[in-house]
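Coordinate inspection notes
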Amino acid sequence: MTIDVPTTGRSLPQLQPISFIGADGRLTDTPTEGLRIPSDRTLTGLYRQMVLVRRFEAQVTHLTRQGRLATYPSAAGQEAAEVGATTALAPGDWLFPTYRDSAALLTRGVPVPEILAAFRGDWHCGFDPHEYHISPAATPLATQTLHATGFAMAAKLKGTDAATLTFLGDGASSEGDAHEALNFASVWQTPTVFVLQNNQYAISTPLREQTNATMLADRAAGYGMPGLRVDGNDVAAVFAAVTAALERGRNGDGPTLIEALTYRMESHTNSDDPTKYRDAEEVEHWKQFDPIDRLEKYLRQTGALDDAGVDEIAEAAETLAASVRDAMNTEAEIDPRELFAHVYARPRTALAEQQQVLEAELAAAGHA
Amino acid sequence: MSVETGTDSTTDPTAVNDETATAASASNVGSAPSSVTMTKALNQALRDSLAADDTVLIFGEDVGRLGGVFRVTEGLRAEFGSNRVWDSPLAESGIIGTAIGMAMNGMRPVVEMQFDAYAYPAFEQIVSHVAKMRNRTKGKVSLPITIRIPYAGDIGGVEHHSDSSEAYWTSTPGLTVVTPSNPADAYSLLRESIASDDPVVFMEPKPRYWMKETLSLPVTTAAMDRAQVLREGTDVTLLAYGPTVRTALDSAEAGAEHGLSVEVIDLRTLSPFDDETVSASVRKTSRAAVIHEAAQFGGYGAEVAARLTERNFTHLSAPILRIAGFDVPYPSPKMEEYYLPTVERVLDALESWDWEL
């Protein structure tokens, strides 16, 4: 006699990453677990946004090198994951991003100065989370995955149909909070989608020194939730997988873990030196999987995109870049008194006393 | 959410059996004075908060079916259902992190860290997010979360069950830190903490859980950010909070036998600090000592002594003393009586002053 426990109900993700459009711009014959390729119209919109995002990242990185921003973590190369996942969200859904997800914020409509306020050093978060349904970008690793889970739990308790999506990386997948979030979300069956962007590096530490697992999506099985591995550079696959996962969550079927295989083309931020931990050949190798090139090829084949369309989008990207330059070349107004303004809802006498100290210092310095 | 119909294993941990739900709510509201333990007062504060506000949620380790290891949440799951009160997975960072998300979505979570030292896995979520979210978002996102932490020793607890972690929280801007010393304050301060739009670390003194007081609930005591003079005196001010308020009152009684007139102040809220009440007392008595269980070095008493000295130096006749636990890890049960600040240690400290000055 053996211990009587359930012996069914566990399934592992397929090994082959789900992909619709291969690196050559042609449809693949990869099994897609029931997902369907988005329409040409949707794909054209995704293409346009990826081009904008890439130009944005390049422009901000450039401005950071010029000293206009304190630091900047670029998601260049990860445009498909950023744009594909974010575009799948419904307006009422909430996004819980990390510091590397400015592209997602841009895609959701956050104005450039508000996205970059934190990196320029104006304030830790430059936008109103309630206005855009986006949590402040988390700088500590994986902490936001729990916020996404809790937010979705409240949505479930209130009976609203809001789902949540959180990004995390391969490095953050080692954090305890990532484990706790996946577990809580599955136990509570919250409508939460975890998009794990496996960009192969945590600053300088390669994936193989982060995990000994065959793939990170396998972890989902351990939490009793579905896991998918997608070609994170195929925006069609990302969009389809995230759309289906959000729908699953909204239908009351709980969370999903999606591992998006991608590659961080830039350094971690402007302040590290990637030549110390990876060689140029590896970067060249990944260029052949570029998310934008392949989609352009594909959409030209289907006739959804032509030279005029590509040129118009490139022009829009230049307009965006110019607006980024203008925004970052304009100094934001900061008010030192604001140090004290938002710490507590309930005013504190001792803090008011410290504010008087600052006021005196400002007056002595001739500050308005 | 679904309602559990079976009696065995449940697949939905947030489901509750309807039959166990009772309507015992508010049985003590407006009741005649009766003997109430601190645990009972806290339980009633939670019950009344749940009844008053639909957004109040209670979750944590064993707070549902069991009613918490100290029974502070006893009966609440049955009364309010498992959508309001439920057992979470055993992970403190997960509890605080998900409470943050719920608060962002309009809820008012009241979560329990089962023991003080077991709150440490949640340190990052509390310090980096609970404390900072409001400031980070320029007031757009408030986190009205109450984090209940049973703390302090003298209960014969094995290692990690007797810590006093207050200084970690009080040194973090953005947190309000409250600790009652008696059942009436336990009720009133917990109600006020839950209603507060600022996050509150609510520290419950374990050795006082079984302390009784004749009360009728609900009761409203002094406001959350006020210290309270519990005993008036003219020679020395003893500042205490949570578990050491009893020690201070006993010391005052013993001091009186030696001809010392001791004033005792219960700080009640550690952050913010009630400078007005405490400084007024210290200026009157010209001598003060602060008593806490936590180790002395870098402890909360250091802040109290420093700020009182800064503000009242010319009124002082003696240095402000810290009567605290020793600077060693919290000891095992048979050793704790040698560690904890006792009436004898308090009296010895008071005698160390040169009273002729």
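Treat the numbers as computed from the prediction; the structure is a model and nothing was measured. Sequence order as written defines residue numbering, which begins from 1 separately in each chain. Naming scheme: in the order in which they are written, chains are lettered from A and ligands are numbered from 1. Residues qualify for local features only when their pLDDT is at least 70, as the model is predicted, and side-chain atom pairs are given and counted only at 80 or more; totals for whole chains, interfaces and linings, by contrast, use all residues.

Put simply, DSSP marks the helices as runs of H or I at least four residues long and the strands as runs of E at least two long, and each gets a number from the N terminus on. Looking only at helices and strands, one finds 12 helices and 14 strands in chain B. In terms of C-alpha radius of gyration, chain B reaches 21 Å, essentially the compact-globule figure of 21 Å for 357 residues. Seen along its three principal axes, the alpha-carbon backbone of chain B occupies a region of about 75 × 45 × 40 Å. Every one of the 357 residues in chain B was classed for burial, and the buried ones make up 55%. By the convention adopted here, residues are in contact when the distance between their C-beta atoms, placed from the backbone, does not exceed 7 Å. Partitioning the intrachain contacts of chain B with sequence separation of at least 6 by distance along the chain shows that 77% fall at a separation of at least 24. All radius of gyration figures rest on C-alpha atoms, and the globule criterion is 2.2 Å times the number of residues raised to 0.38. With C-beta atoms placed from the backbone, the exposure class of a residue follows from how many other C-beta atoms lie within 10 Å of its own: 20 or more, buried; 12 or fewer, exposed; in between, partly exposed.

Across its full length, chain A holds 13 helices and seven strands. Taking 2.2 N^0.38 as the reference for a compact globule, 368 residues should give roughly 21 Å; the C-alpha atoms of chain A span a radius of gyration of 22 Å, in line with that estimate. Projected onto its principal axes, the C-alpha positions of chain A cover 75 × 65 × 40 Å. Counting all 368 residues of chain A, 47% fall into the buried class. The long-range fraction of contacts in chain A, counting pairs at least 24 apart against all pairs at least 6 apart in sequence, stands at 76%.

All names here are of chain A. We define a nonpolar core as a collection of buried residues of the types Ala, Val, Leu, Ile, Met, Phe, Trp, Tyr and Cys that are connected via C-beta atoms lying within 7 Å of each other. In this structure, V195, V238, A241, V242 and I258 are the most contacted members of the largest nonpolar core, which totals 190 residues. Element by element, the count of residues in this core is highest for helix α9 (residues 235-250), at 11 residues. Once residues lying within four places of it in the same chain are set aside, the contact partners of V242 are G84, A85, A88, L165, V193, V195 and I258.

A word on the interface of chain A and chain B. In this assembly, 36 residues from chain A lie in contact with 38 residues from chain B. For the side of chain A that touches chain B, the secondary structure elements donating two or more residues are α5 (129-132), α6 (143-158), α7 (176-188) and α13 (349-364) of chain A. Here the side of chain A that touches chain B gets 11 residues from one element, more than from any other, and that element is α6 of chain A. Looking at side-chain class alone, the side of chain A that touches chain B contains 20 nonpolar, 11 polar and five charged residues. Throughout, the ten residues Ala, Val, Leu, Ile, Met, Phe, Trp, Tyr, Cys and Pro are labelled nonpolar, Asp, Glu, Lys and Arg are labelled charged, and all others, Gly among them, are labelled polar.

A word on the domain arrangement of chain A. An automatic or database domain assignment supplies the start and end points of every domain. Segmentation of chain A into domains returns domain 1 (40-334) and domain 2 (335-368). Centre-to-centre separation of domain 1 of chain A and domain 2 of chain A, based on C-alpha positions: 37 Å.

Here we take up helix α1 (residues 38-52) of chain B. All names here are of chain B. Spanning 15 residues, α1 covers 21 Å between terminal C-alpha atoms, matching the ideal 21 Å at 1.5 Å per step. Along α1, 12 of the 15 residues are buried, which leaves the element largely enclosed by surrounding structure. When α1 is considered as a whole, its buried residues turn out to be M38, T39, K40, A41, L42, N43, Q44, A45, L46, R47, D48 and L50. Tucked into the core, α1 has its buried residues touching β1 (34-37), β2 (56-60), α2 (76-80), β4 (108-112), α7 (183-195) and β7 (200-205). Each helix should span, by expectation, one fewer than its residue count multiplied by 1.5 Å.

Our focus in this paragraph is the domain arrangement of chain B. All names here are of chain B. Split into domains, chain B comes out as domain 1 (18-215) and domain 2 (228-352). The C-alpha centroid of domain 2 is placed 27 Å from the C-alpha centroid of domain 1. Elements that contribute at least two residues to the side of domain 1 that touches domain 2 include exactly α6 (166-170), β6 (176-178), α7 and β7. For the side of domain 1 that touches domain 2, the class distribution of residues is 10 nonpolar, nine polar and six charged.

Turning our attention to the confidence of the model for chain B. All names here are of chain B. Scored from 0 to 100, pLDDT records how confident the predictor is in each individual residue. Across chain B, the average pLDDT comes to 92, with 91% of residues at or above 70. Here residues 1-28 is modelled with pLDDT under 50, and outside its nearest four sequence neighbours on either side it reaches 43 contacts, counting other chains as well. Taken together, the chains of this predicted complex give a pTM of 0.94 and an interface ipTM of 0.97.

All names here are of chain A. Taken together, five strands build an open sheet; the order of strands is β1-β2-β3-β7-β6 and the sheet is parallel. The open sheet has two edge strands, β1 (94-96) and β6 (227-231), and neither has a second partner. Averaged over neighbouring strand pairs, the angle between their axes works out to 20° when direction is ignored. Summarising the sheet, strand β3 (residues 192-198) and strand β7 (residues 256-261) pair through six bridges and their orientation is parallel. Following the sheet pairing, V193 is matched in β7 by T256. Any two strands between which DSSP finds at least two bridges are classified as paired. All axes here are fitted lines through C-alpha atoms, helices being fitted over the stretch that makes contact, and every angle between N-to-C directions spans 0 to 180 degrees.

This part covers α7 of chain A. An ideal rise of 1.5 Å per residue puts 18 Å on 13 residues; α7 of chain A measures up with 18 Å between its terminal C-alpha atoms. Summarising burial for α7 of chain A: 10 of the 13 residues are buried, a large majority. Of all the residues in α7 of chain A, the buried ones are D177, A178, E180, A181, L182, F184, A185, S186, V187 and W188 of chain A. Contact partners of the buried residues in α7 of chain A: α6, β2 (164-169), β3, α8 (219-223) and β7 of chain A together with α3 (92-104) of chain B. Just downstream of α7 of chain A lies Q189 of chain A, where phi reads positive at about 55°.

Let's shift gears to the packing of α3 of chain B against helix α4 (residues 123-130) of chain B. Residue and element names in this part refer to chain B. Remark: α3 packs on α4, axes separated minimally by 8 Å, with the N-to-C direction vectors making an angle of 25°. By the angle between their directions, the pair α3 and α4 is classed as roughly parallel. For the pair formed by α3 and α4, the contact residues are S93, I96, G97 and I100 on the first element and E124, Q125, I126, H129 and V130 on the second. Residue composition of the contact of α3 with α4, grouped by class: four nonpolar, four polar and one charged. Angle categories: roughly parallel below 35 degrees, roughly antiparallel above 145, roughly perpendicular from 65 to 115, and oblique for all the rest.

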